[in-house]
Amino acid sequence: RAGAAPVVRGQAPLVGARCFLPERALAGEHHRAFAAVTPILVFEGVGKRYGDKTALSGVSFEVQAGEVFGLLGPNGAGKTTCIRILMDIVRADSGTMRVFGAPLGRDHDFRLAYLPEERGLYTEQRVIDVMVYFGKLKGLSAAEARARARTWLERIGLSSVENHQVERLSKGMS
């Protein structure tokens, strides 16, 4: 099923496309109990302006647990702005956003991730340096960011690329 959100910047509609994962993909009783009550993501009447340009106007949608949700629309429809608001890169001017039942905030940073088509990474930098940079952007000290980066590289089997330049990585690795 698909649901439409209000028009964003011009005549182009921003649409949320949905499909649901099989029940077996939802793990654990806690997850199912939470899913039965609370959407994992809610945008209600979200708006964003850049000067005199409206990027989002009254965007509303919900994403349920177990649902695969995609933002669809032509260039300028507001897809990237929605993602930037969700990832706390920019702040909405109006509306409310809830993640896992609570207002969107820094508490959710560790549970949200985004992999854009164009990564926008510093491709000539070393993997570890880019990871430390992003950790510092999220409020970690350099030492803590480096320690966490190394932990994650080890956890996912990529310790060997720590000192590689980002441009050497495949898209799936970066």
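Before any of the text, the structure's been laid out above.
Keep in mind it's a predicted model, so treat the numbers as computed, not measured. (Residues numbered from 1 in each chain as written. Predicted model: local features only at pLDDT ≥ 70, side-chain atom pairs only at ≥ 80, totals over all residues. Heavy atoms only, no water.)

S.K.: Explain the overall build of the protein here, please?
M.R.: Helix and strand content of the protein: four helices and seven strands. Helices and strands appear in the protein in the N-to-C order β-β-α-β-β-β-α-β-β-α-α. Counting contacts in the protein only where the partners sit at least 6 residues apart, residues at least 24 apart contribute 61% of the total. Surface summary for the protein: the accessible area is close to 10900 Å², and the carbon and sulfur share equals 54%. (Helix = DSSP H or I, 4+ residues; strand = E, 2+ residues; numbered from the N terminus. Contact = heavy atoms within 4.5 Å. Areas by Shrake-Rupley, 256 points an atom, 1.4 Å probe, with all protein chains shown as cover.)

S.K.: Explain the nonpolar core here, please?
M.R.: One broad rule of soluble globular proteins: the nonpolar side chains tend to lie buried together. One finds Leu 41, Phe 43, Phe 61 and Ile 85 to be the most contacted residues of the largest nonpolar core, which totals 15 residues. Listed by contribution, the elements that provide at least two residues to this core are strand E3 (41-50), strand E4 (53-63), helix H2 (79-86) and strand E6 (94-99). With four residues, E4 is the single largest residue contributor to this core. Within the second largest apolar cluster, eleven residues are counted, among which are Ile 128, Ala 145, Val 166 and Leu 169. (Core = buried A, V, L, I, M, F, W, Y, C linked by side-chain atoms within 4.5 Å. Buried < 20%, exposed > 50% of the residue type's maximum accessible area, 1.4 Å probe, protein only.)

S.K.: I tried to follow unusual backbone geometry on my own but got confused; where do I start?
M.R.: Peptide bonds are, in most cases, trans, and in most cases residues other than glycine have a negative phi. Positioned with a positive phi, Asp 88 is a non-glycine residue whose angle comes to about 60°. Inspection of the secondary structure puts Asp 88 in the loop between H2 and E6. Overall, Asp 88 belongs to the buried group, its relative accessible area being 16%. Phi at Phe 100 is positive, roughly 55°, even though this residue is not glycine. By the element assignment, Phe 100 lies in the loop between E6 and strand E7 (102-103).

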